[in-house]
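What follows is the residue order along each chain.
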Amino acid sequence: DVKVTQSSRYLVKRTGEKVFLECVQDMDHENMFWYRQDPGLGLRLIYFSYDVKMKEKGDIPEGYSVSREKKERFSLILESASTNQTSMYLCASSPGATNEKLFFGSGTQLSVL
Amino acid sequence: GENVEQHPSTLSVQEGDSAVIKCTYSDSASNYFPWYKQELGKRPQLIIDIRSNVGEKKDQRIAVTLNKTAKHFSLHITETQPEDSAVYFCAASKTGGFKTIFGAGTRLFVKA
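Bear in mind that the values here come from a model prediction, so they are computed numbers and not experimental data.

Q: How do you make sense of the state of the cysteines when you look at a structure like this?
A: Residues and elements named next belong to chain A. Scanning the entire structure with this criterion turns up two disulfides over all chains. Each sulfur in the disulfide pair Cys23 and Cys91 lies 1.9 Å from the other. Because the torsion about its S-S bond is -75 degrees, the bridge between Cys23 and Cys91 counts as left-handed. Here the residue Cys23 occupies a position in strand β3 (residues 19–25), and Cys91 occupies one in strand β9 (residues 87–94), the gap between them amounting to 68 residues.

Q: Which parts of the structure should I look at to understand the interface of chain B and chain A?
A: In many reports, interface size means the accessible area that the parts give up when they come together. Every contact between the two is made by 21 residues of chain B and, on the other side, 26 residues of chain A. Of the roughly 1900 Å² buried between chain B and chain A, counting both surfaces, carbon and sulfur atoms make up 52%. Summed over the three residues of chain B that lose the most area to chain A, namely Arg43, Phe98 and Phe102 of chain B, the buried surface amounts to 37% of that side. A salt bridge links Asp59 of chain A to Lys99 of chain B; its shortest N-O distance comes to 3.0 Å. The tally of links from chain B across to chain A stands at eight residue pairs in polar contact (both at pLDDT 80 or more). Where the side of chain B that touches chain A is concerned, the elements lending two or more residues are β4 (32–38), β5 (45–51) and β10 (101–102) of chain B. If you tally residues by element for the side of chain B that touches chain A, the top one is β4 of chain B, at three residues. Broken down by class, the residue content of the side of chain B that touches chain A amounts to nine nonpolar, eight polar and four charged.

Conventions used here
- Residues numbered from 1 in each chain as written.
- Chains lettered and ligands numbered in written order.
- Predicted model: local features only at pLDDT ≥ 70, side-chain atom pairs only at ≥ 80, totals over all residues.
- Heavy atoms only, no water.
- Disulfide = S-S within 2.5 Å.
- Helix = DSSP H or I, 4+ residues; strand = E, 2+ residues; numbered from the N terminus.
- Contact = heavy atoms within 4.5 Å.
- Buried area = accessible area lost by both parts, 1.4 Å probe.
- Salt bridge = Lys/Arg side-chain N within 4 Å of Asp/Glu carboxyl O.
- Polar contact = N/O pair within 3.5 Å; in protein donor to acceptor, adjacent residues only side chain to side chain.
- Nonpolar A, V, L, I, M, F, W, Y, C, P; charged D, E, K, R; others polar.

Written as structure tokens, this is what we have:
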């Protein structure tokens, strides 16, 4: 069974802090994604990566960056957290060279005060 | 840009009734349409998907239909049960692309 693990379930940070969200998958998937989930807006893609050290912007990349140094790990970085980044963050992975079904992590609820 | 519209945003049905959720996509190159179910406090999980070379797919009480001409696809749940209560997301993606575009979600309540 595919496992996508996010390091924290809940995080509380202060405005201006640098925040790291970590995601690890154990199925050797090529593709990894970071989504943000807000009520009434669905899931919006922040960044994705289709290979180690490769990254591509999604639909809402402003204020975020990512790192993929190893195939199994994909990190989301908030360089200077702001209150409008309070949200649920979902990591996902998928196999193959193109888009297939996504396997999601349990999510990190981030509150920026 | 690419988008997926989903309706209704909230749906309340009596146990045993059917539920239908509808989505419209904008990118005519989209060819893969998954549906995800997210129970309260849990991760989204795929429940059914359909590719553009078929018009309908069924899995027990769940079915999905696709109308490529109209760029519509729908989720049908028959004989609903309380455990079907969740948020359902439709999505669309295309071959050669890595983005999955999600609808805004439908919160389904099944009343016992």
